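Reading the structure
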Amino acid sequence: ATVTPQFIMVMENAKREATRKRMKIARYTAAMEENSPVLDEMVRLRDEIASLLGYESWDDYQIEVKMAKTGARAKAFVEDLARRLEPKFQQELEAMRQLKVAETGDENAQIHHWDWRYYANQLRKKRYNVDTEQLRNYFPLDRVVQGLFSTYERIFGLRFEPVQPPQKWVNDLTLHMVLDAKTGEPLGLFYLDLFPRPGKYNHFAQFDVVGGKQLRDGRYVRPVAALVCNFTPPTDDAPSLLSHDEVETFFHEFGHAMHTILTRARYARFAGTNVPRDFVEAPSQMLERWVWDADVLNTFAADWRDPSKKIDPALIARMDEARKATIATFYRRQLAFALADLRLHDAGRYKDSRKIVNDTLAEIFLPAPEGTNFAAYWGHMSGYDAGYYGYAWADAISADLATAFRSAPKRFFDEETGMRLRREIYEVGGSR
Ligand SMILES: [Zn+2]
């Protein structure tokens, strides 16, 4: 199986170009022969459904209930953002290309689709002197969990209490009750399932176990959420140590759990994260910014071997610069996927997914290896179809939301702004 963390580790670190290329081709041809015709058939049927329902296209049908409203508006947003990122994207490609020239001695070296993760990583290491592996020592799991809990408790006026799970699907599962800190009102429960095991979902996600809703007799069913994570398990010599990326993802997914649990929407249809899908990521994407703030991090992060050692704020600042150093590359890739998705689902019944995806990647990002079809195993195409643009759309909103905290008196710990988020976004959900 092609597993994402291993894939990324190879793509970021494999010095041999041939290895990176082979890996990329393996991933971009996974299930290609079987799935390409299936996807094309799905696209055809979707167009048929849309036209039977009186829509111009599947993307218009899918997007009508979202913030963007029409496929054309979503597409215009994506194209505009891609265009405005062009100068920075070209600069970044050139910076990566220079590294490749230096490494290979080939004056004409080019950055290919299978190169960008490797050279982006080299750029971070060389120019910004950021060793992300070393940073793990500051993020032992227990500290991160406690730090994350107290951050969320503080911002949203909550209290988390451990409770005994009535049943466990794995032995080290924990269950926690969420209460309003002032009134003591129980608001819901969340499970933490922290470590990988065979057969387990291999990403990191928040799932609703029980959604919130009001019953006929007026009582409210408080929600239950589960956070399914895959952190590195502890060893004999060291505790479970998280990467900064994982800490960021944890803050993100925990935001979804809050969205699920803090709901007061009357109908299940609008409760919790049942909000327009091009909005749902915005609050969580905003909460990722907490882990880029040394003041927030140093409330909990400390070297597990000597907890008096805290993270040097200058390192966080350098990491943030390093992140921005290849951010246009990151977004151009994301926007290429978004545009390919919209082009697959705009008007027209017979689409060649292979051609559309590869043409769009070449136009907006970097040409995919010849003869591949990434879309054949692109999970978003069943369930998030005509919705990929939502990541960038929500990110734009999250940037706006974050300014509310940044300009507040207590910045990322500002309870008043936190309560506004709780009341105006989490509690009302899709019913606002
Ligand atoms: Zn998310």
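Residues numbered from 1 in each chain as written. Predicted model: local features only at pLDDT ≥ 70, side-chain atom pairs only at ≥ 80, totals over all residues. Heavy atoms only, no water.

1. Notes on the pairing of strand β2 (residues 174-180)
Most of β2 is tucked away: 5 of the 7 residues are buried. Across 6 bridges, strand β1 (residues 158-163) lies against β2 in antiparallel orientation. If you follow R159 over to β2, its bridge partner there is L179. Across 6 bridges, the pairing between β2 and strand β3 (residues 186-193) is antiparallel. Looking at the pairing, T174 lines up with L192 of β3. (Buried < 20%, exposed > 50% of the residue type's maximum accessible area, 1.4 Å probe, protein only. Helix = DSSP H or I, 4+ residues; strand = E, 2+ residues; numbered from the N terminus. Pairing = 2+ DSSP bridges.)

2. Observations regarding the coordination of the zinc ion
Protein-derived ligands of the zinc ion are H252 (NE2), H256 (NE2) and E281 (OE), with the metal-ligand distances lying across 2.0 to 2.1 Å. Here the donor residues of the zinc ion are spaced in sequence according to H-x3-H-x24-E. Placement of H256 in helix α9 (residues 244-261) and of E281 in the loop between α9 and α10 (282-287) is noted, with a sequence separation of 25 residues between them. Residue class for E281 comes out buried when judged on its relative accessible area of 15%. (Donors = N, O, S within 2.8 Å, 3.2 Å for Na, K, Ca; no water.)

3. Some points on helix α15 (residues 389-406)
In this model, α15 (18 residues) spans 26 Å end to end at C-alpha, consistent with the 26 Å of a helix rising 1.5 Å per residue. Listing the buried residues of α15 in full gives Y389, G390, A392, W393, A394, D395, I397, S398, A402 and F405. Looking at the buried residues of α15, the elements they touch are α4 (58-63), α5 (71-104), α8 (141-156), α10, α13 (327-344) and α16 (415-427). (Expected span 1.5 Å × (residues − 1). Contact = heavy atoms within 4.5 Å.)

4. As for the pattern of salt bridges
It is possible for side chains of opposite charge to pair when their charged atoms get near one another. Counted by the stated rule, this structure contains 35 salt bridges. Across the pair E48 and R44 runs a salt bridge, and its minimum N-O distance is 3.2 Å. Residue E48 and its partner R44 are located together in helix α3 (residues 32-52), separated by 4 residues, close to a single helical turn. One salt bridge connects E246 with R136, and the closest N-O pair in it is separated by 3.6 Å. (Salt bridge = Lys/Arg side-chain N within 4 Å of Asp/Glu carboxyl O.)

5. Things to note about the sheet that holds β2
Strand order across the open sheet formed by 5 strands is β1-β2-β3-β7-β4, with mixed pairing between neighbours. Edge positions in the sheet fall to β1 and β4 (205-210), since each has one partner strand and no second. Each neighbouring strand pair of the sheet contributes to a mean axis angle of 25 degrees, computed without reference to strand direction. Where α8 meets the sheet, its contacts fall on β1, β2 and β3, and the angle it forms with β1 comes to roughly 140 degrees. (Axes fitted to C-alpha atoms, helices over the stretch in contact; angles between N-to-C directions.)

6. What about the domain arrangement of the protein?
Assigned domains of the protein: these are domain 1 (4-135 + 326-394) and domain 2 (141-306). Taking the mean C-alpha position of each, domain 1 and domain 2 sit 29 Å from one another. At the interface, 13 residues of domain 1 touch 9 residues of domain 2. Both faces considered, domain 1 and domain 2 share a buried interface measuring about 1,100 Å² in area, 55% of it formed by carbon and sulfur atoms. Sorting the residues of domain 1 by area buried against domain 2 places M67, Y384 and A394 first, and these three jointly supply 39% of that buried surface. Between the two partners, domain 1 and domain 2, sit 0 salt bridges. Ranked by residue count, the leading element in the side of domain 1 that touches domain 2 is α15, at 5 residues. (Domains from an automatic or database assignment. Buried area = accessible area lost by both parts, 1.4 Å probe.)

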